[in-house]
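# Reading the structure
Chain residues, written in single-letter form:
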Amino acid sequence: MERSNKMVNQEAFLRKKIKEMNEQLIKLRKENREELTQLLYSNLSGKANLHNLSAKDLNDLIDIIDKSLEGVKKRIKTIAAKNDDTSLATQMAIATKAEGSAMNENFNNEDGKANAVIITDNSTTN
């Protein structure tokens, strides 16, 4: 009986620890996302460089960019629904063109030659 009580107490302790660690992980991920977002904006303004980021950080940055694009597209749809005069197709075409231009600028060096970034599990190669 005593052994069973100890196991229950240990199980409750472990569940509590797992919950605390999960909360800490969520907090750290949020902080990391905020730091990467600031790095993204610094890079866009020319104040920071993304060359020294790890593959994991680059993938997280891609996720941030994708979520931002989703938000922009949702706002475009909302605005288009409110404005009968504005064509959703035109707005989406403009957004897609701007997105393509930004991607093209980020992957070209000063000479206009493309820089390819290949992300693998272990390293990045330019």
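Residues numbered from 1 in each chain as written. Predicted model: local features only at pLDDT ≥ 70, side-chain atom pairs only at ≥ 80, totals over all residues. Heavy atoms only, no water.

### A word on the overall build of the chain
Along the backbone of the chain there are three helices and two strands. In sequence order, the secondary structure elements of the chain are arranged as α-α-α-β-β. Across the chain, every contact between residues at least 6 apart in sequence was considered, and the portion connecting residues at least 24 apart equals 37%. With the model as given, the accessible surface of the chain reaches about 10,800 Å², and the carbon-plus-sulfur share is 53%. (Helix = DSSP H or I, 4+ residues; strand = E, 2+ residues; numbered from the N terminus. Contact = heavy atoms within 4.5 Å. Areas by Shrake-Rupley, 256 points an atom, 1.4 Å probe, with all protein chains shown as cover.)

### Some points on the environment of Gln-38
For Gln-38, the position within the fold is in helix α1 (residues 2–44). The exposed category is assigned to Gln-38, whose relative accessible area is 52%. (Buried < 20%, exposed > 50% of the residue type's maximum accessible area, 1.4 Å probe, protein only.)

### As for the layout of surface pockets
By volume, the second largest pocket amounts to about 160 Å³. Every residue along the wall of the second largest pocket is listed here: Arg-29, Lys-30, Asn-32, Arg-33, Leu-36, Lys-56 and Asp-60. Looking at the lining of the second largest pocket, the elements with two or more residues in it are α1 and α2 (55–82). Considering only residue class, the lining of the second largest pocket consists of one nonpolar, one polar and five charged. (1 Å grid on protein atoms, 1.4 Å probe; cavity = no way out; pocket = protein on both sides within 12 Å on 5 of 7 lines; lining within 4 Å. Points joined across faces, edges and corners; volume = space filled by probe spheres on them. Nonpolar A, V, L, I, M, F, W, Y, C, P; charged D, E, K, R; others polar.)

### Structural notes on the pattern of salt bridges
Across all of its chains, the model carries three salt bridges by this definition. Here Glu-11 and Arg-15 are joined by a salt bridge, their closest N and O atoms 2.7 Å apart. Of the two residues, Glu-11 and Arg-15 both sit in helix α1, four residues apart, roughly one turn of that helix. Classification of Arg-15 as exposed rests on a relative accessible area of 56%. Linking Lys-56 and Asp-60 is a salt bridge whose minimum nitrogen-to-oxygen distance equals 3.7 Å. (Salt bridge = Lys/Arg side-chain N within 4 Å of Asp/Glu carboxyl O.)

### What to know about the UniProt feature "coiled-coil region" (unreviewed entry) in the chain
Feature annotation in UniProt places "coiled-coil region" (unreviewed entry) on residues 11–38, given in this structure's numbering. Spanning residues 11–38, this segment combines 100% helix with 0% strand, and its end C-alpha atoms are found 41 Å apart. (UniProt positions renumbered as here; feature names shortened; annotations may be inferred.)

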